[in-house]
Amino acid sequence: MITAIVLIKTSVDRIPEIAEAIAALDSVSEVFSVTGTYDLIAMVRVSAHDDLAEIIPGGISRIEGVERTDTHVAFRAYSQHDLEAAFAIGLDS
């Protein structure tokens, strides 16, 4: 399994609908809205590198309102922590 972390810059006024469109794509396991330079982070999981071309430039980048992407392919996972916990911002009291 190949994991790619895709940082996505979008039209700010359309973040929720763009996030939903990205989340609906095959191979996208999670989409997070975030602060900082990028607006969304998508976790993409595929079985082959060639599949990344189909889902990122062929899918994510073609969604109206996506301005640019920056993709990072993971080499190795060093932690088995739940992704939700890794991206949690501490809202649970």
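Scroll up a little and you will see the structure.
Residues numbered from 1 in each chain as written. Predicted model: local features only at pLDDT ≥ 70, side-chain atom pairs only at ≥ 80, totals over all residues. Heavy atoms only, no water.

Trainee: When you look at the overall build of the protein chain in this model, what are you seeing that I'm missing?
Mentor: Broken down by element type, the protein chain carries three helices and four strands. What you see in the protein chain, going N to C, is helices and strands ordered as β-α-β-β-α-β-α. For the protein chain, the proportion of its 93 residues judged to be buried stands at 32%. Restricting to contacts in the protein chain with at least 6 residues of sequence separation, those with at least 24 account for 67%. Carbon and sulfur atoms form 51% of the exposed surface of the protein chain, whose accessible area is close to 6,300 Å². (Helix = DSSP H or I, 4+ residues; strand = E, 2+ residues; numbered from the N terminus. Buried < 20%, exposed > 50% of the residue type's maximum accessible area, 1.4 Å probe, protein only. Contact = heavy atoms within 4.5 Å. Areas by Shrake-Rupley, 256 points an atom, 1.4 Å probe, with all protein chains shown as cover.)

Trainee: When you look at the pairing of strand β2 (residues 28-33) in this model, what are you seeing that I'm missing?
Mentor: Moving residue by residue along a regular strand, the side chains alternate between the two faces of the sheet. One ladder, built from five bridges, connects β2 with strand β3 (residues 40-46); its direction is antiparallel. Counted as the bridge partner of Val28 is Val44 from β3. Between β2 and the antiparallel strand that follows it, β3, lie six residues; Gly36 among them carries a positive phi value of about 110 degrees. (Pairing = 2+ DSSP bridges.)

Trainee: Help me out: how do you make sense of helix α1 (residues 15-23) in this one?
Mentor: Among the residues of α1, Ile15, Ile18, Ala19 and Ile22 are the ones counted as buried. On an axial view of α1, the arc spanned by its buried residues comes to 100 degrees, and they lie on one face. Residues of α1 that are exposed and point more than 90 degrees away from the buried face comprise Pro16 and Glu20. For α1, the elements touching its buried residues are β1 (2-10), β2, β3 and β4 (66-73). (Arc of directions from axis to C-beta.)

Trainee: I'm lost on the pattern of salt bridges in this one. Help?
Mentor: Following the criterion strictly, the structure yields three salt bridges and no others. Between Asp39 and Lys9 there is a salt bridge whose closest N-O contact spans 3.7 Å. Taken together, the residues Asp39 in the loop between β2 and β3 and Lys9 in strand β1 connect sequence positions 30 residues apart. Residue Glu17 pairs with Arg14 through a salt bridge whose shortest N-O separation is 2.8 Å. (Salt bridge = Lys/Arg side-chain N within 4 Å of Asp/Glu carboxyl O.)

Trainee: When you look at the sheet that holds β3 in this model, what are you seeing that I'm missing?
Mentor: Backbone-to-backbone hydrogen bonds join strands into a sheet, with any given pair of strands oriented parallel or antiparallel. The four strands are arranged β2-β3-β1-β4 in an open sheet whose pairing can be described as antiparallel. Whereas interior strands pair on both sides, the edge strands pair on one side only; in this sheet they are β2 and β4. Recorded for the sheet is a direction-independent mean angle of 20 degrees between the axes of neighbouring strands. Together, β1, β2, β3 and β4 form the strand contacts of α1, whose direction differs from that of β2 by roughly 165 degrees. (Axes fitted to C-alpha atoms, helices over the stretch in contact; angles between N-to-C directions.)

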